[in-house]
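Geometric and topological summary
The primary structure of each chain is shown beneath.
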Amino acid sequence: MIALMFFSSFVLGLALPSPALLDPGSYRISSVVTNSTLVAPKEKYQNVFVRSDPAPDVWMLGLGAGGSFTLAHKSLALAIESEDCEAAPLILAPLEESSAFVIEAHDSVDYFTIRWPNSSVVWTAQASGEVQLRKDAGTEAQRWMLKETLE
């Protein structure tokens, strides 16, 4: 399978996603389509959303199982959680309920796709600002920037 992916991307010139080369640490996460940052709700079990914010939230990227990552709010004891189904919202939940996600880098482009492991659903910024898991269609609403910060 890996040989086939290498062959396809090398010979056919396809830009296939690959696991992100990210280190655990502090990141600002923003939507490519809206250039808005990922923001935590004020209470747990509320939806995570994107918006333009002069003081954007900082998220801690932690290692999960099998090369996946967890994402926790840096100043709250809460993490991102969801369900493996289309149209499921991302919500802020206690750390022990956090979900793990696969973060895929894309060749020659400075963006990532954040996917439910072994699934076709990815983080998608909605027009309302809410972030949901939606079927991967390769749209800009499904592209994310992760910028490491020292905060």
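1. Overview of the overall build of the protein chain
Secondary structure assignment for the protein chain yields 1 helix and 14 strands. Across the 151 residues of the protein chain, 45% fall into the buried class. Here the contacts in the protein chain between residues at least 6 apart in sequence split such that 51% fall between residues at least 24 apart. Accessible area for the protein chain stands at about 8200 Å²; split by element, carbon and sulfur atoms hold 58% of it.

2. Overview of the pairing of strand 12 (residues 121-125)
The element strand 12 is largely enclosed, with a buried count of 5 among its 5 residues. Relative to strand 13 (residues 131-135), strand 12 is paired through 5 bridges, and the arrangement is antiparallel. Bridge pairing links alanine 125 to valine 131 in strand 13. Here strand 12 folds back onto strand 13 in antiparallel fashion, the turn holding 5 residues, of which glycine 129 has a positive phi close to 100 degrees.

3. Some words on the pattern of salt bridges
Under the criterion given, the structure shown has 5 salt bridges. Ionic pairing is found between arginine 28 and glutamate 151, a salt bridge with its closest N-O pair at 2.3 Å. With a gap of 123 residues between them, arginine 28 in strand 2 (residues 25-31) and glutamate 151 in the segment after strand 14 (144-148) connect regions that are remote in the sequence. Given the relative accessible area of 23%, arginine 28 is considered partly exposed. What makes glutamate 151 partly exposed here is its relative accessible area of 47%. Put simply, aspartate 110 and lysine 147 hold a salt bridge, and the shortest N to O gap is 2.7 Å. In this pair, aspartate 110 sits in the loop between strand 10 (102-105) and strand 11 (112-115) while lysine 147 sits in strand 14, placing the two residues 37 residues apart along the sequence.

Definitions and limits used
Residues numbered from 1 in each chain as written. Predicted model: local features only at pLDDT ≥ 70, side-chain atom pairs only at ≥ 80, totals over all residues. Heavy atoms only, no water. Helix = DSSP H or I, 4+ residues; strand = E, 2+ residues; numbered from the N terminus. Buried < 20%, exposed > 50% of the residue type's maximum accessible area, 1.4 Å probe, protein only. Contact = heavy atoms within 4.5 Å. Areas by Shrake-Rupley, 256 points an atom, 1.4 Å probe, with all protein chains shown as cover. Pairing = 2+ DSSP bridges. Salt bridge = Lys/Arg side-chain N within 4 Å of Asp/Glu carboxyl O.

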